[in-house]
Amino acid sequence: MLARIACFTIGILLLQQLPQLPAAAWLLLLPILLFLAIRWQHLRWLWWMALGMAWCGLHGWWILQQGIDPSIEGQDLLVTGEVISLPEPRERGIRFLFRAD
């Protein structure tokens, strides 16, 4: 049981390292991996890793579907609030936590 949890977690961590979410077509590999895991018991860890990656990817896609309302897309918006963390320079900009009013 502990090995399954570890493999599931490793799958999540692997997906988190990708620069963007993979295409949904990658989910089509899950039935193939399930077949391999059933056929060859020593490949079960691969199934649990893929399941962790799929769970994390589906959660990411679900979050992205809750994006901005299309009616205000492309418009300038004024957001007020406060910066609640120190800015961290990143490869493509600066990251900080912001609490909107």
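In this report, the structure presented in the accompanying data block is examined. (Residues numbered from 1 in each chain as written. Predicted model: local features only at pLDDT ≥ 70, side-chain atom pairs only at ≥ 80, totals over all residues. Heavy atoms only, no water.)

**What to know about the overall build of the protein**
Condition: Secondary structure is summarised from DSSP: a helix means a run of H or I of at least four residues, a strand means a run of E of at least two, and numbering begins at the N terminus for each. Computation of the radius of gyration draws on C-alpha atoms alone. For the globule rule, the value is 2.2 Å times the number of residues to the power 0.38. Contacts are assigned to residue pairs that have any heavy atoms within 4.5 Å of one another.
A count of helical and extended segments in the protein gives three helices and four strands. Reading the protein from its N end, one meets helices and strands in the order α-α-α-β-β-β-β. For a compact globule of 101 residues, the expected C-alpha radius of gyration is about 13 Å, and the protein comes in at 19 Å, more than 25% above that figure. Each principal axis of the C-alpha atoms in the protein carries an extent, and together these give about 55 × 35 × 25 Å. Taking the contacts inside the protein whose residues are at least 6 apart along the sequence as the reference set, 44% of them involve residues at least 24 apart.

**Focus on helix 3 (residues 44-65)**
Counting along an α-helix, one turn takes 3.6 residues, and residues three or four places apart therefore face a common direction. Selection rule: Helix span, as expected, comes to 1.5 Å for every residue beyond the first. Relative accessible area decides the class of each residue, using a 1.4 Å probe on protein chains only: under 20% of the type maximum gives buried, over 50% gives exposed, and in between gives partly exposed.
Here helix 3 is 22 residues long and its end C-alpha atoms lie 32 Å apart, about the 32 Å a rise of 1.5 Å per residue gives. Of all the positions in helix 3, only Trp47, Met49, Ala50, Gly52, Ala54, Cys56, Gly57 and Gly60 are classed as buried. For helix 3, the elements touching its buried residues are helix 1 (2-16) and helix 2 (29-39).

**Comments concerning the packing of helix 2 against helix 3**
If you want to describe how two helices pack, look at the angle between their axes and the distance between the axes. Let me state the cut-off plainly: Helix axes use the C-alpha atoms of the stretch in contact, all axes being lines fitted to C-alpha atoms, and the angles between their N-to-C directions lie in the range 0 to 180 degrees. By the definition adopted for this analysis, an angle is roughly parallel if under 35 degrees, roughly antiparallel if over 145, roughly perpendicular if from 65 to 115, and oblique otherwise. Handedness of a helix crossing follows the sense of rotation of the near helix relative to the far helix, less than a right angle counterclockwise being left-handed and clockwise being right-handed. The nonpolar class holds Ala, Val, Leu, Ile, Met, Phe, Trp, Tyr, Cys and Pro. Asp, Glu, Lys and Arg form the charged class, and all remaining residues, Gly among them, are polar.
In contact at an axis separation of 8 Å, helix 2 and helix 3 are set at 155 degrees when each is read in the N-to-C sense. Accordingly, the angle class assigned to the pair helix 2 and helix 3 is roughly antiparallel. Our pair here, helix 2 against helix 3, has a crossing hand that is left-handed. Along the contact surface, helix 2 presents Leu30, Leu33, Leu34 and Ala37, while helix 3 presents Arg44, Leu46, Trp47, Ala50, Leu51 and Ala54. A class-by-class count of the residues in the contact of helix 2 with helix 3 yields nine nonpolar, no polar and one charged.

**Things to note about the state of the cysteines**
One covalent bond between the sulfur atoms of two cysteine residues makes up a disulfide. This is how it is decided: Disulfides are defined as cysteine sulfur pairs within 2.5 Å.
Applying the stated rule across the entire model yields zero disulfides. Not part of a disulfide, Cys7 finds its nearest cysteine sulfur in Cys56, a span of 16 Å.

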